[in-house]
Amino acid sequence: MIQATQQNGFQLNGVTVRFGDTVALRDVTVDFKDGERVGLVGPSGSGKTTLLRLLNGAIRPSQGDVNLHGQHVQNLSVKQLRRIRSEIGFIPQDLSLVPNVRVLHNVLSGRFGKQSFIGSMRSMLLPRKREAIDVHAILERVGIEEKLYHRTDHLSGGQQQRVAVARALYQQPIALLADEPVSSVDPARARDTVELLTNIAEQQHITLCMSLHTLSLARAFFPRLVGLRHGQVVFDRATDDITDDEFTELYRLSDDELLEDGGEQS
Ligand code: ADP
Ligand code: MG
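Conventions and cut-offs
- Residues numbered from 1 in each chain as written.
- Chains lettered and ligands numbered in written order.
- Predicted model: local features only at pLDDT ≥ 70, side-chain atom pairs only at ≥ 80, totals over all residues.
- Heavy atoms only, no water.
- Pairing = 2+ DSSP bridges.
- Helix = DSSP H or I, 4+ residues; strand = E, 2+ residues; numbered from the N terminus.
- Axes fitted to C-alpha atoms, helices over the stretch in contact; angles between N-to-C directions.
- Contact = heavy atoms within 4.5 Å.

Asker: I'd love a proper account of the sheet that holds strand β1 (residues 10-19), names of residues and values included.
Answerer: If you trace the 4 strands from one edge of the open sheet to the other, you get β2-β1-β4-β5, paired in antiparallel fashion. Of all strands in the sheet, those with a lone pairing partner are β2 (22-32) and β5 (71-72), marking the two edges. Alignment of β1 against strand β4 (residues 63-68), held across 5 bridges, turns out to be antiparallel. Pairing of Q11 across the sheet is with N67, part of β4.

Asker: So what about the sheet that holds strand β3 (residues 37-41)? Which residues, and what values?
Answerer: Taken in spatial order, the 6 strands line up as β6-β7-β8-β3-β9-β10 in an open sheet, and their pairing is mixed. Single-partner strands in this sheet number two, and they are β6 (88-91) and β10 (232-238). Each adjacent strand pair in this sheet contributes to an overall mean axis angle of 15°, direction not counted. Examined bridge by bridge, strand β7 (residues 175-179) and strand β8 (residues 207-211) share 5 bridges and lie parallel to one another. Residue pairing in the sheet places A175 in a bridge with T207 of β8. Across the face of the sheet, helix α6 (residues 157-170) comes into contact with β6 and β7 while running at roughly 170° to β6.

Below, the structure is given as structure tokens:
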């Protein structure tokens, strides 16, 4: 069941994020409505991960306003932010699974943000039967229920990706954020994972925001796409209304990048 938090999607207003001298995002304004499915596209270094980390409350903006489910991030205490973050499922690009424990334990960790420290320790050391049943049901949804008691690092890349999806779902999230969830697996598996996430989001009315470097998948599964380049939004529209030229332009190397490539272009 979804928690009774008032949901108001995500809004970024004039947001800039700097890391030292690097401007990762520059004056970004975007709005993600509850239940919307949005794909984030753009070349490497364009700011996709930074944008997802803002939506996840993992970083705060250098400038501008970030609103997560009706709450301004800059006004939140660490505790309040933790509560909001516990309702946002995040699937990082590296998955961040604990390799040498069972799948069950990795999935159980999805609820740690909602539990006390003692509760989390108890789940980890002595999972209740109810918890194992719940995790099994979620693994069934992602198609790897037979792996419940397997060691996580004995699974294939695609299966580990499903464990990370299951961990996010066990959180009972109101929103799911996934950072290039398809980069480590082969194209057929990649398609399966994107399809799985978009289906779940649609069925459960979970807001989904996913960064993707495979344009064909982004176009096939997301009704709206946000294109980022050099930390700025270059388009934000219904997928069907974005032209091929706009996609080409998004990934076109700039003159600076061509020079850095050592003049390999002819
Ligand atoms: P993408 O996910 O589209 O590849 P990122 O959001 O990871 O892009 O990065 C955007 C820019 O910000 C890049 O130039 C990157 O090097 C820089 N950057 C991202 N995170 C950090 C960080 N923690 N410290 C310093 N620079 C960072
Ligand atoms: Mg990234």
